[in-house]
Amino acid sequence: MTGLLQVLLGGLVDGCVYALIALGMSIVYSISGIINLAQGGFVVLAALTAVSLQQSLGLPPLAIVPIVVVLFAVLLAAVDRVVMMPGARRATNDRMLLITVGLLQVIGGFVLLVWGNLPYTMRAFTGGDMVVVGGLRIVPQYFWIAGALLVAVAGLWYLLNRTRFGLTMRATAGNPRAAALQGIHVGRTRLVAFTISGAIAALAGTAVIPVTFLQFTTVTTYAVTGFIAAVAGGLGSTAGAVLAGLLLGLLQGVFSRYTSGDLAQVAAMAALIVLLLFRPTGLLGRTSEVRR
Amino acid sequence: MTVSHTESPTTAGKPAAPRTGLTSRGSRALAGVGALVVAVALPFAAPGLTGLLVVAAIFFLVVLGLTLLMGHAGQVSLGQTLFMAIGGYGAGALTLSWHWPTVLAALAAAALSALVALALGRLFLRLRGYYFALATLGLAVATQSLASAWTGLTGGPSGMVAIPSLRLGGYTVFSDRANYFVLLVAGVLAAAFIANVKRAQTGRVLTAIGNDPGAAAMLGINTARYKTMAFVVSAVLASLAGSMYAFYLRFMSPDVLGVTVALSIVIMLALGGARTLVGPLLGALVIQGLPIAGQSFALWEPLVAGVLLIVVMTYLPRGIWGAFTGYLGRLASRKDAAR
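Bear in mind the structure is a predicted one, so any value in this text is a computation, not a measurement. (Residues numbered from 1 in each chain as written. Chains lettered and ligands numbered in written order. Predicted model: local features only at pLDDT ≥ 70, side-chain atom pairs only at ≥ 80, totals over all residues. Heavy atoms only, no water.)

**Student:** I'd love a proper account of the overall build of chain A, names of residues and values included.
**Tutor:** Across its full length, chain A carries 11 helices and two strands. Along its sequence from the N terminus, chain A presents helices and strands in the succession α-α-α-α-β-β-α-α-α-α-α-α-α. For 292 residues, the compact-globule estimate of 2.2 N^0.38 gives 19 Å, and chain A sits close to it at 19 Å. The principal-axis extents of the C-alpha atoms in chain A amount to approximately 60 × 50 × 40 Å. Expressed as a percentage of its 292 residues, the buried residues of chain A come to 55%. By sequence separation, contacts in chain A at least 24 residues apart represent 76% of the contacts at least 6 residues apart. Total accessible area computed for chain A in this model is approximately 12000 Å², and 66% of it derives from carbon and sulfur atoms. Distance between charge centres in chain A, computed from 17 positive and 6 negative side chains, equals 13 Å. (Helix = DSSP H or I, 4+ residues; strand = E, 2+ residues; numbered from the N terminus. Rg over C-alpha atoms; globule rule 2.2 N^0.38 Å. Buried < 20%, exposed > 50% of the residue type's maximum accessible area, 1.4 Å probe, protein only. Contact = heavy atoms within 4.5 Å. Areas by Shrake-Rupley, 256 points an atom, 1.4 Å probe, with all protein chains shown as cover. Lys, Arg positive; Asp, Glu negative; His and termini not counted. Charge placed at Lys NZ, Arg CZ, Asp CG, Glu CD.)

Printed below as a string of C-alpha cells:
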C-alpha cells in the first residue's frame, strides 16, 4: 500500500512538471493560436542552464531560480520576435506547428552542442532530511516543485482575473480581431504571453532538475508529454492543463508500478487517444473549437 | 493542416503553367531521364556515398507516402514510424522465426500496416488539425515504447539482430549498391503511382479537402473515406520502407524508430515541398546528407536542420522545391509576356 502511495507521489511530482509545461503552452495558445511544441524543450534548456550557472557562479540553487526565470522570460520574448512573429505574419497557424517542431529541433541541437549527451542534475534547493508521513518518504524538493506549480497557477489567475492587463489578455484570447478593433495591441499581448510561458518554463526546469536527470534526449520527451497534457486538458484551458498534467503523471506512475516504464508510456498514450475519441476537445476544452 | 495553400493567386492552381523553357512537357521528360541517368551513375561515381543514398532512398519512400495525406489533404501525421516499425519488425520476425521468404514477409507486413492504418484512420481522422497531429504523435511515442517493452517480439532495447538480407529470386541483395538499385526501382514505381493518384480525380478531391474540408463535404465528398485512403497509402509505403530498412541494416532497435525520427520525417517533407514528387527526395537528401558534411558537423546537424525548417517554413511555404519551380514558372511567364 505504502509502495503504491510512494509511486503515486512520484507520479504526481512528474505530473506537476507536465502541468507546468502544458500551462505554458496553453497561455500562448489562447492568445496566439500557436501550439508551441518546443515548450517542453525550453524546460530542459532552463534546467541545464540552471545547472551550469549554479556551478560557475557557485550560488545556492535557490538563488539561481530568479536569474533563470528572468533569463527565459527574455529569451521567449526574443523567440516571439525573431521566430514566431515573422512566421505568423506569413504562415497559417497550422504551419506554425511545423515551425515550432523546427524550434524544438534547434533546442535539442543546442543542448547537444553545449552539454553533450550526458545527463545532468543539481543540488536540491534546500537541504534537510526526507519528511516521512505514514511511511511515505517525501523529498523536500517535492514541496518546491508543487510550490512552483502553485505559484504559476496563482500568479496566472491573479494576472488574468484581477488586473487590467489580464482583461486585455482575456479579450485577445476570446477574439483577437475584435480585440484589435477595440484598440488592443495584439502583438504586445502576445509578446507578454510568450514572456510568461518562458518564466513558467524556467520555473519548471529549475524546480525539477534536483530530483531528476535531464539530457539531450529528454528534450523530446518533455515536449511530447507537455503537448499531450495541453491537448488532453483542452487547448487554452488553464485548469484543464493542470488537471491533465497531474492525471498524466499519476497514470504513468500507476502503470510503471505494475508494468515496465515503457508500457506505462503506451498506456498513457492509449488513455489519451480514447479520451480524444470521446471528448475531441480534451477534458475541459470548449466544444466550439472543433467543427466536425 | 494545410501546408501550402497560401501561394499567391498568380501561381495558385496553375499546373506547371506555360509551355516554354524548363516547364514544358518535353523538357520535363528530358529532365526526368537525365535525373534517372544521374541516379544510376551516382553509386559508381561516388561509391563512398552509396550507404547514405540507401538511407535517403528509404526515407524518400516514407516521405513520398505522406505527400497525399499532408501536402494535399492537409493532415500532418507525426506517427509514420509506427508503420515503419510494423514493416521492419514484422519482416524481421517473419523471416527470422518463421523463415518466410523476405519479399513475402515485407508484403505481409505492408498488408498488416494497411489494416492498422484503416482502423486507426477511421478513429483518428474524425479529429481535426492539431488533434490529429497529436494523436499520431502519440503513435510515435507508443511505437518507441512498445518496441523496447515487447521484448519477446522485438528483442527489447538491444534490438532485433541478424535479420536476413532481401532475396530476389535467388539473388541476395547484400551490398550497399544492390540495395540502392532495388530502392531506386521501388522509388520510381512509388513516385509513378503517387503521380498518377495526384493527377487523377482522387488527387483533386484530396486537395479540395485540404483547402476547405467543410466545402468539400458540402459537395458530397466523403472526406473521411478519402483521408483514410491517403493514410493507408502512406502506411503501406512507410511499411515497405521499414522492411527495406530492416533488410539493409539487418538490425532493428527502438532507437532507429524514435520520436525524433518521426519528427524528422515530417521535417523532410515540409523542407522539400509537400506537394511535389521532387520535394520529398530533396528533403530526404538534405536531412540525411547533413551529417556527412563532416564529422564535427554531425554534432551540429539537429540545430542546422531546425533552423533550416524554421526559415523554409517562414519564407518558402511550398518548401525548397516548390519555391524553385515557382521561380521557374514566373521566369517562364515573364518570357512569355516579353514575346
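**Student:** Outline the UniProt feature "transmembrane region" (unreviewed entry) in chain B, supporting the account with residue identities and numerical values.
**Tutor:** Residues and elements named next belong to chain B. Residues annotated by UniProt as "transmembrane region" (unreviewed entry) correspond here to residues 29-46, 52-70, 82-100, 106-125, 130-150, 178-197, 228-250 and 306-329. In the segment residues 29-46, helix accounts for 94% and strand for 0%; the C-alpha atoms at its two ends are 25 Å apart. Helix makes up 88% of residues 306-329 and strand 0%. Its end C-alpha atoms lie 29 Å apart. (UniProt positions renumbered as here; feature names shortened; annotations may be inferred.)

**Student:** Tell me about a nonpolar patch on the surface, residues and numbers included.
**Tutor:** Residue and element names in this part refer to chain B. On the surface, Val307, Val311, Tyr315, Leu316 and Ile320 cluster together into a nonpolar patch covering about 390 Å² of accessible area. The dominant element in the nonpolar patch, judged by the number of residues it contributes, is helix α13 (residues 297-315), at three residues. As for its position among the elements, isoleucine 320 is in helix α14 (residues 319-338). Given a relative accessible area of 31%, isoleucine 320 falls into the partly exposed group. (Patch = residues over 30% accessible without salt bridge, like charges linked within 9 Å, V, L, I, M, F, W, Y side chains within 5 Å. Salt bridge = Lys/Arg side-chain N within 4 Å of Asp/Glu carboxyl O.)

**Student:** Break down the interface of chain B and chain A for me, with residues and values.
**Tutor:** Tallying the contact residues gives 43 residues for chain B and 49 residues for chain A. Considering only the surface of chain B that becomes buried against chain A, Tyr130(B), Tyr131(B) and Leu134(B) emerge as the three largest contributors, covering 19% of it. Seen at the junction of chain B and chain A, the total is zero residue pairs in polar contact (both at pLDDT 80 or more). When contributions to the side of chain B that touches chain A are tallied by element, the ones reaching two or more residues are α4 (102-124), α5 (130-149), α11 (259-272) and α13 of chain B. For the side of chain B that touches chain A, the leading source of residues is α5(B), giving 13 residues. When its residues are assigned to classes, the side of chain B that touches chain A shows 32 nonpolar, nine polar and two charged. (Buried area = accessible area lost by both parts, 1.4 Å probe. Polar contact = N/O pair within 3.5 Å; in protein donor to acceptor, adjacent residues only side chain to side chain. Nonpolar A, V, L, I, M, F, W, Y, C, P; charged D, E, K, R; others polar.)

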